[in-house]
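Structural description and commentary
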There are 2 protein chains.
Amino acid sequence: MAPLVPSNNTARQYSRTHAERFRHDLHELLRIPSISTDPAYAGEVQRAAAWLAEHLRNLGAANVQVLPTAGHPIVYGEWLGAGAKRPTLLIYGHYDVVPAASEDGWDTPPFEPTERDGQIYARGACDDKGQMFVHFKAFESYMKTNGEAPVNLKFFLEGEEEIGSPNLAPFLRAHLDMLNADLCVISDSTMRVIEEPVILHSLRGMANMEIHIQGPSDDLHSGLWGGAVHNPALALVEILSRLHTPDHSVAVPGFYDDVVPLTPVEREELAKSAITDEQLRQTTHIPATWGEAAYSIRERVSARPTLEINGLLSGWTGAGPKTIIPAKSMAKISCRLVGNQNPEKIYRQVKQYIESITPTSVTVQVQLLNTSEPALIDYTIPEMQAAARAYERAWGAKPIFGRGGGSIPVVAEIFNLMRIPVVMMGYGLDDDGFHGANEHLSIEMFHRGIETAIVYLEEVAQIPRRSDTTAKATV
Amino acid sequence: MAPLVPSNNTARQYSRTHAERFRHDLHELLRIPSISTDPAYAGEVQRAAAWLAEHLRNLGAANVQVLPTAGHPIVYGEWLGAGAKRPTLLIYGHYDVVPAASEDGWDTPPFEPTERDGQIYARGACDDKGQMFVHFKAFESYMKTNGEAPVNLKFFLEGEEEIGSPNLAPFLRAHLDMLNADLCVISDSTMRVIEEPVILHSLRGMANMEIHIQGPSDDLHSGLWGGAVHNPALALVEILSRLHTPDHSVAVPGFYDDVVPLTPVEREELAKSAITDEQLRQTTHIPATWGEAAYSIRERVSARPTLEINGLLSGWTGAGPKTIIPAKSMAKISCRLVGNQNPEKIYRQVKQYIESITPTSVTVQVQLLNTSEPALIDYTIPEMQAAARAYERAWGAKPIFGRGGGSIPVVAEIFNLMRIPVVMMGYGLDDDGFHGANEHLSIEMFHRGIETAIVYLEEVAQIPRRSDTTAKATV
C-alpha cells in the first residue's frame, strides 16, 4: 500500500492532525451497546441516537432531530450551506449493532473498544459505526478548516438495519422532502484487501419463503402404516430435489426471465475481484466448490440469482430413533435475486412450480415471509466515477466496481423511492468479523476512509446538478 | 358378534362369575404409573413389578422373582405342576407404559381406570397391561377350579418394552435354562374388528440410521456465498430423493435380495384383512394412498420392507427467515425389514449406496442407531393351529393369520435365541389408542381374551412335545 498521498487540502491535513481524537470519539460511540435485535437494549439504542444527534450538532449540522419510528429512532441532521447550486449528498448509515458477548470468543470486551495490532476491536467497529463515522469526520474536517463543505449534506442514520429495517420504507415515504438529495452514499461494505477498494453498484434482492407439507393428520407409527402412506419428509425431499437442475441452476420455470445479462465489460470488471476455487475452499472449509459452471465464482455469488434451503424440519430430531411417519415437514427457502428480478413474481413462480410438482398424496403450502428488491446501478454515471477518483486520490488505489451478493434493503429502497443514485463506498475488509467475535476495523482504513470521504465531497461538487426529472430519467 | 359360547369348562365358568373382580384386579395394576421412558418414574416401574410378583404368588406360581437388569426389572414366575410330559408355555408380556398426561386430551385421568361405554380407559389398558393380564386370569381360573393348569406355565414380564427392550437379549442369554419352554405366547397386538381376531406370524424388523452431511465448517451468509457452495440441506435432499424409485420401491441396490416372496396362499390369507384405500384415508387422514402398486395396502404395511425418513433437521427452523447456508444437515431414516432380511446387511447396503451418490462438494456420515430382526414364523405348525382353534372355540370367530408391520424385538429375540415358536394372540383393537390419549380396552374383549387363553392351554396340552432338537429343526 502506498503511503498517504501528500495533499494541499486543508481538510485532509486537519484529519491527519486530529486522527487520534477522531478515534477517541469513535470509541465513545462504540461503547454504547446499541443492540437493536434485543428489546432489552432499546434504551441503549436510544442513547446512541442521542449521542449521534449531539455530535452532529457540535459539528455544525442544523435541523438535527431524533425522529421516532414504530421501532428504534432515526437520526437526521443537515448542513445546506453550500447553496442550491451545489449538489446535496444524502449520507446513510446505521448505528445499531447485532449482539455480542465475551463468551462468544471475544479476546476483549465487545463494548470496550481496544486498539491493538493496528485494529480497533469492538462490536460495530466495522458494521457500521466505524464506516458511518468516517463521514462525520470528513464533515468535521471541512467545517473546522474552511468553515464549510463543498456540497450540501444530509445525515440519515438508522437504528434498525440489523433487524431488517422494518420502518425504513414508511419513513422514507413520509419524509421524501426532508431527505431530498442528488445522490446517496453508503459506507457499509468491505473489500478483500486494502489495495483493492470496492465500490458496489449492485446488490442482490431476496424472497424468503416457507414450504409446509402435510400428510397424515398426526404422526403415524411407521410399523403400522409404513409403505402405504407418502411420508411428508420424503415428499418434501422429492419436491426440493427438483428445484435445481443437474447443472446447479434453478429449475423453476421463468426464474431467469428478468435477469439482466452480464456484458463482457461487466464480466471483465468482476474478474478483477476474482475468487479462486482454492480461496473459496480455504475461506469456507468446503471440500469442493459448486454452482453454475458457466459463471465464475465471483459471478455466482453476486451477479447470479440463487435458491437456497435455509432450514429443514420434520419429525423426530432428538437423540436416538423414533420410528414415525411424520405428519408434516417444513423447509425455509430463500432466493437471492438480481436486477431486474421482482421478488413477488419470483415467489409466485416458485409457489406455482412447487404446487405443480406436489403429488396428490400430500398437501402443500408455500408462504412468502418477506422480500427485498435487488439494486443494479449503472457504474458509468458521474456519481460513481467521482467515487472512483476519490479512492484513487485519497485511498491510494484504483477501486473495482463490484457487485454485492447480499441484500441491503435500504439501497433498493432509496434507489426506488427517491430515484437517486446510491454509491456504496466500503471502508472495511471482508474478514473484519462483522456479526462475529472480535469484530474490528483497521485504523489505517478508518483514516484513509475519512480522507477518501473528504475528497469525494470535492469530486461530487464538480458534478453538474441534474434537474429532478433528468435524474429520474437517467438513473 | 356371537354371544359367549356355552362351555362345560369349569375354568371358563369361573372366569365368567369372577369377571368383575378380574377387572378390579386389573384396575389396581393400571393405577401404577409404570412409565419406563421417564427416569422419574423408576420407582413406579419397580412398584408395578412388585405388584405383579405378589399377584403371581397369590395365584399359586412358584419361584416368583423380581430380577434386576441394567434397567427396569424383569418379573418371573412359573407353575410346572403339569409335569414333564406336558408342554411348557412361556408367557411374555410387558408391564411398562409410555407417558400419559391429562393435558394430552384424556377425558379421564390416565392412571385412574374408568369404565364407560363398555371400555376400560387407562394408560396401559391395551398396551400391554390389559392383554398381559388375560393370561394371569386364565391361570387363576384353572388354579381356583381344577387346582392345576393343562400345561406348564412360565411368566416372563418385562419393564422396558417401551424403551426398546435394551436389556432383554442379555437377560434371555443369561437365563435360557430358567426360561426354557416349548413355545411362547405374546398378547400385545390388535385386530381391526372384534369379529376378526388375528394371530400374527410375522413382524417386521428394523434398521435405524442417521445421515449427517457436512458442507462448510460454519453456517455461511447466503448473500456472500450463495451460488458457489453446495448447500448441505440441498445435498441431503438430493441424496434422500434418490432412496426411492419412481414406483415407490426402495432404490438401494440389493435391498430386496433376501426378501422371502409372498406365496399365493399367503397373499390370500393377507387379503382376509384387506385395507381399502378409503379405510386408510379415513384412518390416517391422508389425501391419497401411496406405495408399491404391485402390492395391496395390507401387503405394503406388513409383508414389504420400507425405508422411511423419520426426521429432518438443518439450519434455521424458528420463526421468520434466516438467510444462511447451513453448515450441516441431518436425517433419521429407518428401514422396516421382512424375513429374511438382515438389518446389519441392509445398513451396509444403505450406507454404501448413500456414500456412492454423495457428491464431492459435501461429506457424509451414515451411522447405525440400532436394529431388530424381522420374524417370520410358519403358521401351519401345530402351535399356531392350536391358537386358531382356541379363538374359534372361545372368542367365537375364526382368526386370520396376519403379519404385523411393526417390530416387537422380543419376538425375534425369543424366536432366534430360544428356537421356539412365538404365537402372537392379540386381544386389542387397532383403534384402542395405544400410545395416545384415551387408551382403552373393550371389557368384552378382555373377558373373551381370558376364555381364549383358557382354551388355548387346553389346545396346547394336545400338542405332542417335540424334542428340543426337533423343535430347533422345524421352527
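Residues numbered from 1 in each chain as written. Chains lettered and ligands numbered in written order. Predicted model: local features only at pLDDT ≥ 70, side-chain atom pairs only at ≥ 80, totals over all residues.

This part takes up the overall build of chain A. A tally of helices and strands in chain A yields 16 helices and 20 strands. Computed over the C-alpha atoms, the radius of gyration of chain A is 24 Å, within 12% of the 23 Å expected from 2.2 N^0.38 for a compact globule of 475 residues. When its C-alpha atoms are laid out on the principal axes, chain A stretches across 85 × 50 × 45 Å. A burial count over chain A gives 55% of its 475 residues as buried. (Helix = DSSP H or I, 4+ residues; strand = E, 2+ residues; numbered from the N terminus. Rg over C-alpha atoms; globule rule 2.2 N^0.38 Å. Buried ≥ 20, exposed ≤ 12 C-beta atoms within 10 Å, placed from the backbone.)

With that settled, the discussion passes to the confidence of the model for chain A. Residues and elements named next belong to chain A. With 96% of its residues at a pLDDT of 70 or more, chain A shows a mean pLDDT of 94. Contacts of residues 468-475 to residues separated by more than four positions or lying in other chains number eight contacts, the stretch itself having pLDDT below 50. In the predicted complex, the global pTM is 0.85; the interface-specific ipTM is 0.85. (pLDDT = per-residue confidence, 0-100. Contact = placed C-beta atoms within 7 Å.)

Packed helix pairs are characterised by how far apart their axes lie and by the angle those axes make with each other. All names here are of chain A. Closest axis-to-axis distance for the helix H13 (residues 382-395)/helix H15 (residues 443-461) pair is 8 Å, and the angle between their directions is 135°. The angle between the axes of H13 and H15 places the two elements in the oblique class. Note on packing geometry: the crossing formed by H13 with H15 is right-handed. Taking contact as the criterion, the partners of Ala-386, Ala-387, Arg-389, Ala-390, Tyr-391, Arg-393, Ala-394 and Trp-395 in H13 are, on H15, Arg-448, Glu-451, Thr-452, Ile-454, Val-455, Tyr-456, Glu-459 and Val-460. (Axes fitted to C-alpha atoms, helices over the stretch in contact; angles between N-to-C directions. Parallel < 35°, antiparallel > 145°, perpendicular 65-115°, else oblique. Left-handed = near helix turned anticlockwise from the far one by under 90°.)

In this section: the domain arrangement of chain A. Residue and element names in this part refer to chain A. You can read the domains of chain A as domain 1 (10-203 + 374-474) and domain 2 (205-259 + 305-369). Between the C-alpha centres of domain 1 and domain 2 there is a distance of 39 Å. Each partner contributes to the interface: domain 1 provides seven residues, whereas domain 2 provides seven residues. Looking at side-chain class alone, the side of domain 1 that touches domain 2 contains four nonpolar, three polar and no charged residues. (Domains from an automatic or database assignment. Nonpolar A, V, L, I, M, F, W, Y, C, P; charged D, E, K, R; others polar.)

Of the consecutive residues B:Asp127 and B:Asp128, the connecting peptide bond is found in the cis state with omega at 0°. Of note, B:Asp128 is situated in the loop between strand E5 (119-121) and helix H4 (129-145). Backbone geometry places A:His285, a non-glycine residue, at a positive phi of 60°. Considering the arrangement of structural elements, one finds A:His285 in the loop between helix H10 (277-284) and helix H11 (297-300). A residue is classified by how many C-beta atoms lie within 10 Å of it, and A:His285, with 14 of them, is partly exposed.

To continue, consider the pairing of strand E12 (residues 306-315) of chain A. In terms of burial, E12(A) is a largely internal element, 10 of the 10 residues being buried. Pairing of E12(A) with strand E14 (residues 328-337) of chain A involves eight bridges; the strand directions are antiparallel. Along E14(A), the bridge assignment pairs A:Leu312 with A:Ala331. Pairing of E12(A) with strand E12 (residues 306-315) of chain B, which is carried by five bridges, proceeds in the antiparallel orientation. (Pairing = 2+ DSSP bridges.)

All names here are of chain B. In spatial order, the strands read E4-E5-E20; together these three strands make up an open sheet with antiparallel pairing. With partners counted over all chains shown, the strands left at the sheet margins are strand E4 (114-116) and strand E20 (440-442), one partner each. Ignoring which end each strand starts from, the neighbouring axes of this sheet average 25° apart. One ladder, built from three bridges, connects E4 with E5; its direction is antiparallel. Among the inter-strand pairings, Thr-114 is bridged to a residue of E5, identified as Tyr-121.

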